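Each chain, letter by letter, is given below.
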Amino acid sequence: MGGGVFTPPSPLLEFRMFNLGVPEILLILAVALIVFGPRKLPEIGKTLGKALGEFRRATDDLKNTIEREVRLEELKGIGPSIVPFDRETPPPPEQPDTAEVAPEPPPSAPPEPR
């Protein structure tokens, strides 16, 4: 393969919205301007913006609902393994772990006089 330096294309030419490039978007805007006229175009844009905002809110709400349901099902699966806490019964006293406690070395004998 070629070992050249990668140069990214111009951001203006690579702007993608709905897989449309800048020339395609300009063509759509020109056709809309011709069909609807300059007086009606801002109103159509405002309506389209509101519709897209509503659609985004609805999809976000649906996504949050699905995520919440998935988390709830995960918690239901974990639930049986959790031991309920009883406030009236005190917990058993903790006993020290003897495996981790190092035994004390025997006392050393006093040094012998010379």
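Our structure's up above, just so we're on the same page.
A brief structural summary. Every value quoted in this text rests on a predicted model; they were computed, and no experiment measured them. (Residues numbered from 1 in each chain as written. Predicted model: local features only at pLDDT ≥ 70, side-chain atom pairs only at ≥ 80, totals over all residues. Heavy atoms only, no water.)

### So, the overall build of the protein chain
Helix and strand counts for the protein chain stand at one helix and zero strands. Expressed as a percentage of its 114 residues, the buried residues of the protein chain come to 4%. As displayed, the protein chain offers around 11700 Å² of accessible surface, 65% of which is attributable to carbon and sulfur atoms. (Helix = DSSP H or I, 4+ residues; strand = E, 2+ residues; numbered from the N terminus. Buried < 20%, exposed > 50% of the residue type's maximum accessible area, 1.4 Å probe, protein only. Areas by Shrake-Rupley, 256 points an atom, 1.4 Å probe, with all protein chains shown as cover.)

### Overview of the pattern of salt bridges
Counted under the stated rule, the structure contains two salt bridges. With its nearest N and O atoms 3.8 Å apart, the salt bridge here joins lysine 40 to glutamate 43. Of this pair, lysine 40 and glutamate 43 are both found in helix α1 (residues 22-78), three residues apart, which corresponds to roughly one turn of the helix. Classification of lysine 40 by relative accessible area gives partly exposed; the value is 41%. Of the charged contacts, one joins glutamate 73 and lysine 76 as a salt bridge, the two residues approaching to 3.9 Å between their closest N and O atoms. (Salt bridge = Lys/Arg side-chain N within 4 Å of Asp/Glu carboxyl O.)

### Quick look at α1
With 57 residues, α1 should reach 84 Å at 1.5 Å per residue; the first-to-last C-alpha distance of 51 Å falls well below that figure. Those residues of α1 not exposed but buried are Val22, Ala32 and Gly37. (Expected span 1.5 Å × (residues − 1).)

### A closer look at a nonpolar patch on the surface
A surface patch of nonpolar side chains, amounting to about 600 Å² of accessible area, comprises Leu27, Val31, Ile34, Val35, Phe36 and Ile44. Tracing the backbone shows valine 31 in helix α1. The partly exposed category is assigned to valine 31, whose relative accessible area is 43%. (Patch = residues over 30% accessible without salt bridge, like charges linked within 9 Å, V, L, I, M, F, W, Y side chains within 5 Å.)

Any functional reading would require information beyond the geometric quantities listed.
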